[in-house]
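Read off the chains here:
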Amino acid sequence: RTPEMYMTKDLRQRIKQSRRGIAAVTGCMILACALYALLMLSWGGMLLALSNHGKYLPWSIGSVVFCTAVQRGSEHLLAYCRAKSGTAFKRTFRAELFEKLFYLGPGFIDRKRSGELINTLWEKVEWVSHYLFYYVPTSVMILVFSTVCAAVWLTVQPLVGVVILLGGLLVT
């Protein structure tokens, strides 16, 4: 089965309604990833300072501490955006499903298994939320970050840039 089979008209509509939340989560992921790269660079700077007999060591330690704090803060911001956007999405989606069930009436509910209805109202909504607020932003972040890395490496070492670009496209 291809992923297109699961992309229904209703799911497309939900994605359009949740664009802001998805964009916020994606932006937070890109920020966290960029800050993590900056943190790695500051660790490299600290190692370089150690190799220069500690000449710039206080500045390097300060940059590592600062970058670590900012990167941890961006991770908390990402968790907050995911929780807020995901909770709002699930609340409205479940409310709409309940409304539809009430509209269909007891005749429809009696013909369905109660476990199937509960599974739809609980697990399937969780799956859609996970898809929208984890999978989609992660795919976009990988694509953006690998494109930026490839662009940088294309100027420095073209072959490495092509490999990074192809790797990023294969992952997404």
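Structure: see above.
Thresholds, definitions, all that
Residues numbered from 1 in each chain as written. Predicted model: local features only at pLDDT ≥ 70, side-chain atom pairs only at ≥ 80, totals over all residues. Heavy atoms only, no water. Salt bridge = Lys/Arg side-chain N within 4 Å of Asp/Glu carboxyl O. Helix = DSSP H or I, 4+ residues; strand = E, 2+ residues; numbered from the N terminus. Buried < 20%, exposed > 50% of the residue type's maximum accessible area, 1.4 Å probe, protein only. Core = buried A, V, L, I, M, F, W, Y, C linked by side-chain atoms within 4.5 Å. Phe/Tyr/Trp six-rings, centres within 6.5 Å; stacked < 30°, edge-to-face > 60°. Patch = residues over 30% accessible without salt bridge, like charges linked within 9 Å, V, L, I, M, F, W, Y side chains within 5 Å. Areas by Shrake-Rupley, 256 points an atom, 1.4 Å probe, with all protein chains shown as cover.

*Asks:* Just to check I follow, could you spell out the pattern of salt bridges for this structure?
*Replies:* Side-chain pairing between opposite charges can occur once the charged atoms of the two side chains come close. Summed over the entire model, instances satisfying the criterion amount to 3 salt bridges. The shortest N-O distance in the salt bridge between K90 and E126 comes to 3.3 Å. Separated by 36 residues along the polypeptide, K90 in helix α4 (residues 57–104) and E126 in helix α6 (residues 114–156) bring together distant segments of the chain. Overall, the relative accessible area of 26% leaves E126 in the partly exposed class. The shortest N-O distance in the salt bridge between R94 and E126 comes to 3.1 Å. Taken together, the residues R94 in helix α4 and E126 in helix α6 connect sequence positions 32 residues apart. Under the relative-accessibility criterion, R94 is labelled buried at 14%. Connected through shared salt-bridge partners, K90, R94 and E126 make up one network.

*Asks:* Looking at this structure, how should I read the nonpolar core?
*Replies:* Counting residues in hydrophobic clusters, the biggest one holds 19 residues, and the most contacted among them are V25, F89, F93, V128, L132 and F133. Considering each element in turn, this core owes the most residues, 7 residues, to α6.

*Asks:* Before we go on, may I ask you to explain the packing of aromatic side chains in this structure?
*Replies:* We describe a pair of aromatic rings using the distance from one ring centre to the other and the angle between the two ring planes. As enumerated under the stated definition, the model contains 3 aromatic pairs in all. An angle of 65° between the planes, with centres 5.9 Å apart, marks the rings of F89 and F133 as edge-to-face. Residue F89 is found in helix α4, and its partner F133 is found in helix α6; the two are separated by 44 residues along the sequence. Of the two residues, F89 and F133, both sit in the buried class. The interplanar angle of 20° and the centroid separation of 5.5 Å between the aromatic rings of Y131 and Y135 together place this pair among those described as stacked. Placement of both Y131 and Y135 in helix α6 is noted, with a separation of 4 residues, approximately one turn of the helix. Look at Y131 and you get partly exposed, because its relative accessible area is 28%.

*Asks:* What is the right way to read a nonpolar patch on the surface from this model?
*Replies:* Together, V140, V144, V148, V152, W153, V156 and V160 give the surface a local cluster of nonpolar side chains, amounting to about 540 Å² of exposed area. Looking at which element gives the most residues to the nonpolar patch, the answer is α6, with 6 residues. Along the chain, V148 turns up in helix α6.

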